Every structure is written in C-alpha cells, then in structure tokens.
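Observations on chain architecture
Below, each chain spelled out in residue letters.
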Amino acid sequence: MKNNQDLKLRQPNLLGIDPRILAGTKDHYETTMADTLVVADDCRRKSTFNVAVRGLRDHKVVGKRTLEIEGAKFEAFQIEQDNYLMVAGIEQAIAGILAYETSDELLSMLERKGIASETITELDSNKKLDLDVYGIPEGVPVFGNEPMLSVNGTFEQAQFPETIILSQLGYQTAVATTASYIRNMLVEFGREDMLTLEGGSRRCIFPLAASRAALIGGFKGTSLEQLALEYPELENVVGGSAGHSAVLHAGGDKEAFEKQLRSYFEIKNNDSQQTIDEKIKSGEQKKPGPTFLLDTFDSTEGLEVAISLIEKYGLSKAAVRTDSGDPLERSNYMRGRLDELGLDFVKIMVSDDLTGYKVHELLEAKAPIDILLMGTYLVNPYKLPGPVHKAARDEQVDGSVIDVCKIVKNNPAKATLPGRLEVYRVISKKDCKADRDLILMAGENVCDYLTDDDSEALKLTTQFVEGGKQVYDFPTMTQIQQTREYHLGLMREEHMRFKGAIPYKVIVSEKIKSAQQKYSQKMFGEKT
C-alpha cells in the first residue's frame with residue numbers, strides 16, 4: 001500500500017501534545033508485562049485490544065434538587081442512561097500512536113528501575129509502534145460494547161498506547177456527547193436558530209480538546225483562539241466580546257460599553273458624525289455587532305446603559321448578555337424592555353453555569369434567548385463514559401489464535417466482548433431511519449442479519465493505521481460536523497430526546513456470543 005505522502009492524506013493533529021512524551025505516557029505495569037514476556041522468551045505473539053464502553057451508563061443529568069436533612073445540605077441529581085456516546089478524540093489518539101517513539105532517556109530510566117537488559121534491547125529495536133488500527137470515525141454516535149478503536153499488533157505493542165487512547169477518547173467523547181444533547185434539544189424545541197458557544201476551555205485541564213469536542217458535538221462557536229490555528233477552517237467561529245474586568249477597569253458600564261462599541265467599529269475621537277455612521281454601516285455588514293455584558297453591577301441598570309448607546313449610535317445589530325440571576329426571568333425582562341423600545345433586533349445571550357437540564361428547562365419555558373454561552377458544565381461533564389482497552393484476540397504459544405474476553409463472575413457488568421469486531425448501522429426501509437446496530441466478528445456477512453424490512457447496513461468500522469502507517473484520510477472539522485449531522489439525522493426522535501429516551505437496539509452476533517461462551521468454558525468449565 002502507498003504511504004500517506006503518496007496518497008496525500010490529511011495528517012492527524014496532536015493538538016499541541018509534545019511527541020517526546022508519548023512513549024512515556026503509559027502505566028509502568030505495561031512495561032513490566034512486556035518485561036515478563038521478553039524474559040520468558042514468550043514475546044511478539046499477536047493480540048487484538050478493543051476500546052469500548054461496556055454499556056451506556058446513567059451519566060446524563062436531567063434534573064437536580066437541593067435537600068436539607070438535619071441541618072446538612074445535599075444535592076441530589078436526577079440521572080438517566082446516556083442516549084449514545086458521540087465519538088471524539090480519535091484523531092488525537094491516532095496521532096499519538098503514529099508519533100509514538102521510545103526515547104533513549106525513557107530507556108535509561110527503565111533500565112535504572114530494573115527492567116531486564118534483554119527487554120531494553122527489545123524496546124530499543126522497536127521504538128515505533130507497528131500496529132493495525134481500526135475504529136469508528138469521529139462524529140458518529142455509538143453504543144455500548146461497540147469498539148471505537150481496535151488495536152492489533154504484538155501483545156507488547158498493542159497495550160502500550162492504552163493511556164494515549166483512553167485519555168483522548170474518554171474526555172473528548174464526554175464533552176462531545178454533552179454538546180450533542182444541547183444540539184438535540186434545539187431540534188426538539190424548534191430552536192435550531194439559537195447560537196451555541198463554548199466558553200469554558202479556561203476551566204479545564206486540556207482547553208484545545210474541550211473546545212474541539214464541543215464543536216464536534218454540535219456547538220457553533222468557541223472563544224478559544226488557538227483552535228483556529230490548529231484548524232484554520234474554524235477561524236470564523238472563534239469570537240468573544242468583553243468580560244466583567246473591562247467594566248471594572250473602565251470605571252463603569254457606560255465608560256466600558258462606549259469604549260467597546262467605538263473599538264468594535266474602529267471609531268476615532270476626531271471622527272465626524274458622517275464618518276462614524278459610515279463605519280458603523282460598514283461594520284454591521286461584516287460583523288454581528290457588539291455584545292454588552294450587563295451584570296457587573298446590576299443587569300437592569302446595565303441594560304439601560306446598553307440601550308442608550310445602541311440608540312445614540314443608531315445600531316441595527318447588537319446583543320446583550322446576562323451572566324447572573326435567573327436566566328428565564330432576566331431574558332424575559334430584557335426581551336420585554338427591548339421590544340418596548342422597538343429594539344427587537346437586539347439579541348439576548350445567557351450564561352452563568354448552564355447545564356444540560358437548565359437549558360432544557362429554559363427551552364421548555366420558551367425563554368426568549370438567542371445565544372447560549374456554556375462553560376464549566378460543558379467542558380467538565382458529570383462523569384466520563386469510561387471506555388476500556390481490553391484484550392479480545394490472542395495468539396497462543398502454538399501459533400493458534402483464540403478470541404478472549406474479560407469475564408468477571410462476581411461482577412458481570414465488567415465483562416467484555418471477544419474478537420476483532422465490526423459495527424454496522426441498519427437502516428429501515430419504512431422511515432429511512434436507523435433501526436438497530438449490529439456488532440459482528442470481522443469477516444461475518446452482514447447480509448445474514450438483514451431482513452426484507454431493511455434498506456441497507458452502513459459499515460461504521462474503518463481502518464486508520466496499517467503496519468504502523470497512516471492509511472486514513474482524516475477529515476476536516478467541518479467534515480466531522482457534517483458526519484455528525486448525517487448520523488444524528490438517521491436517529492429516530494424516541495432515541496434522541498433529552499428526557500425519557502427509549503434505548504436504541506444493539507444486536508451482538510451469535511458468533512461473538514459463541515466465542516464468549518467458548519472462552520468461559522475454557523476458563524471455568526461452564527457456560528456463562
């Protein structure tokens with residue numbers, strides 16, 4: 001196969017991760033396991049590791065109550081099972097695998113820690129990862145036990161990128177899933193016109209990953225400048241206005257808002273009124289207008305200041321933002337006051353620790369909001385989905401290959417599926433919507449699982465890496481967003497609603513179930 005330069009494949013983006021740290025970004029026990037096999041002269045047997053969640057968890061917060069019991073306060077969350085997980089972070093996981101290279105410094109450290117000399121030699125002679133990697137592209141909703149990635153190679157090498165993979169997939173998928181729920185709510189309530197902005201990247205450990213995942217999930221803009229440098233096609237969705245500190249620094253709302261407005265339209269102190277009018281007219285043709293943050297001191301008074309400036313300068317584009325108080329009450333008050341004065345073109349933005357369930361409540365109440373700015377609870381989801389990286393196929397000492405899986409007799413929920421797996425999405429003839437997913441052993445004929453009521457089966461699994469070389473043309477962020485819209489558009493409303501969603505059907509093939517049962521009998525002498 002031609003290499004990625006010959007095919008002109010788009011390279012995956014590490015998002016600023018230093019490639020020198022990748023080989024050391026693993027748990028030490030993975031090195032000690034490799035050490036055990038090398039010393040025992042039992043290394044280089046082929047293995048498959050699947051990366052999947054064991055099932056969708058009750059990680060979706062749909063409500064909250066504060067309770068007081070005997071003087072102690074408690075917060076009680078109303079939770080439901082996730083509808084799905086929105087795949088994100090694949091690009092960085094694959095970028096990490098491709099850039100992985102064991103350094104001499106890491107080898108020296110491992111030698112000092114007592115790793116055997118023959119293992120050091122083995123690692124030194126195989127500094128890069130020689131893997132085949134399959135998986136499901138970003139922007140596709142997935143369900144329990146569906147491998148987001150399948151890593152194939154020697155046992156030693158296939159386990160090494162576990163931390164790289166899980167840290168990227170787990171976090172970005174959680175953020176993208178949360179963002180996609182907001183996107184779905186807007187569809188549910190007919191508010192696709194609402195602008196959704198990510199503004200919480202400064203409130204998390206990995207800002208670039210957070211911002212990227214929010215846009216994959218369905219948010220329309222971000223405040224993070226660096227994302228536009230990483231993905232130039234996103235330049236037009238990066239934006240911001242002013243914070244409370246600008247008001248404090250200027251000495252009050254009026255001083256801050258007027259400076260902001262004049263800067264926005266590049267108005268100079270010696271400009272004539274005609275020049276000012278021309279600059280505003282020209283600016284409004286290119287930009288959405290300034291946004292005034294009202295609540296540094298008092299949002300009601302701040303609104304009046306903003307109104308006076310909008311009228312003074314004759315603006316026809318502007319927005320006002322409230323970042324405190326009851327967003328339903330505040331937005332209703334602001335909309336009423338603006339409309340009373342004939343300023344119906346002024347848009348209303350709300351923020352202040354918005355969560356999914358708060359947004360749902362606002363939409364249910366028909367709050368007159370034009371722009372949602374979400375931060376903390378978008379980029380810090382309630383819980384991460386918890387994908388695992390587990391062995392699923394293993395070459396035996398005699399050269400035979402068997403399918404393996406984790407079987408926990410005292411905790412069946414931690415069981416995994418065996419084999420190198422592929423995922424298909426079956427589309428119904430009746431409504432052209434996704435009817436069910438199929439998890440099959442690689443090589444199984446999907447037609448054996450289709451009926452006359454099915455129009456087609458979309459294969460979700462594709463190959464990213466072959467023999468340690470990239471073979472997948474990574475999409476742009478815009479293309480990932482298009483993938484998201486296509487796949488969410490295939491889902492029926494009953495599986496998409498924020499509250500009370502009906503679980504989507506996922507069928508595991510009989511061949512996989514048989515392999516699971518066979519392995520259980522091998523280990524325990526009994527059926528699972």
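So, here's what we can say about the structure. The residue numbering used here restarts from 1 in each chain and proceeds along that chain's sequence as written. This being a predicted model, a pLDDT of at least 70 is required before a residue's local features are given, and a value of 80 or more before pairs of side-chain atoms are given or counted; all residues contribute to the totals for chains, interfaces and linings. With hydrogens and water excluded, all non-hydrogen atoms of the structure serve as input to the side-chain values.

Description of the sheet that holds strand E1 (residues 46–52)
The strand order across the open sheet formed by 7 strands is E15-E14-E1-E7-E5-E19-E20, and the pairing between neighbours is antiparallel. Both edges of this open sheet fall to strand E15 (401–403) and strand E20 (469–470), since each of them pairs with a single strand only. What makes two strands pair is DSSP finding at least two bridges between them. Only DSSP runs of H or I covering at least 4 residues are called helices, and only runs of E covering at least 2 are called strands; the numbering of each starts at the N terminus. As paired strands, E1 and strand E14 (residues 388–395) are joined by 6 bridges and run antiparallel to one another. For Asn50, the partnering residue across the bridge sits in E14 and is Lys390. Any two residues whose heavy atoms approach within 4.5 Å are treated as being in contact. Interaxial angle, 0 to 180 degrees, is taken between N-to-C directions of lines fitted to C-alpha atoms, where a helix line uses only the stretch in contact. Running at roughly 20° to strand E19 (residues 462–466), helix H3 (residues 90–99) makes contact with strand E5 (132–135), strand E7 (149–154), E19 and E20 of the sheet.

Comments concerning the environment of Gly356
Within the fold, Gly356 resides in helix H15 (residues 356–364). Put simply, Gly356 and Ala318 are 38 residues apart on the chain and 26 Å apart in space, counted from C-alpha to C-alpha.

Comments concerning helix H5 (residues 117–125)
For the exposure calls, accessible area comes from a 1.4 Å probe over protein chains only, and a residue counts as buried if that area is under 20% of its type's maximum, exposed if over 50%, partly exposed in between. Residues of H5 that are buried include every one of Thr119, Ile120, Glu122 and Leu123, and no others. For H5, the angular spread of buried residues about the axis comes to 160°, placing them on one side. Residues of H5 that are exposed and point over 90 degrees away from its buried face: Ser117 and Thr121. Packing partners of the buried residues in H5 comprise helix H2 (28–39) and helix H4 (104–112). Throughout, the arc means that of the directions going from the helix axis to the C-beta atoms.

Thoughts on a nonpolar patch on the surface
Here the term patch refers to residues with relative accessible area over 30% and no salt bridge, with like charges joined within 9 Å and nonpolar side chains (Val, Leu, Ile, Met, Phe, Trp, Tyr) within 5 Å. Only the protein chains shown count as cover for residues, with accessible areas throughout obtained via the Shrake-Rupley method and a probe of 1.4 Å. Whenever a carboxyl oxygen of Asp or Glu lies within 4 Å of a side-chain nitrogen of Lys or Arg, that contact is scored as a salt bridge. Together, Phe77, Ile79 and Tyr382 make up a nonpolar patch on the protein surface, roughly 250 Å² of accessible area in all. Locating Phe77 in the fold gives a position in strand E3 (residues 72–80). With a relative accessible area of 37%, Phe77 lands in the partly exposed category.

Brief notes about the packing of aromatic side chains
In this analysis, rings of Phe, Tyr and Trp, with Trp reduced to its six-membered ring, are considered paired at centre separations within 6.5 Å, and the interplanar angle assigns stacked below 30 degrees, edge-to-face beyond 60, and tilted for intermediate values. Going through the model one piece at a time under the given rule, you end up with 11 aromatic pairs. On the basis of an interplanar angle of 15° and a centroid distance of 6.1 Å, the ring pair of Phe464 and Phe474 is categorised as stacked. Of this pair, Phe464 sits in strand E19 while Phe474 sits in the loop between E20 and helix H17 (477–490), placing them 10 residues apart in sequence. For the pair formed by Phe464 and Phe474, the shared burial category is buried. Within the aromatic cluster, the residues linked to one another by ring pairs are Tyr84, Tyr181 and Phe498. Note on criteria: charge over ring means Lys NZ or Arg CZ within 6 Å of the ring centre, with the direction from the centre no more than 35 degrees off the ring normal. If you follow Lys409 out to its NZ or CZ, it ends over the ring of Phe524, 4.9 Å from the centre.

Focus on unusual backbone geometry
The phi dihedral of Glu70 is positive, around 50°, even though this residue is not glycine. Its location among the elements puts Glu70 in the loop between strand E2 (60–69) and E3. We note that Cys432 has phi near 60°; this positive angle belongs to a residue other than glycine. Cys432 gets classed as exposed once you look at its relative accessible area, which sits at 53%.

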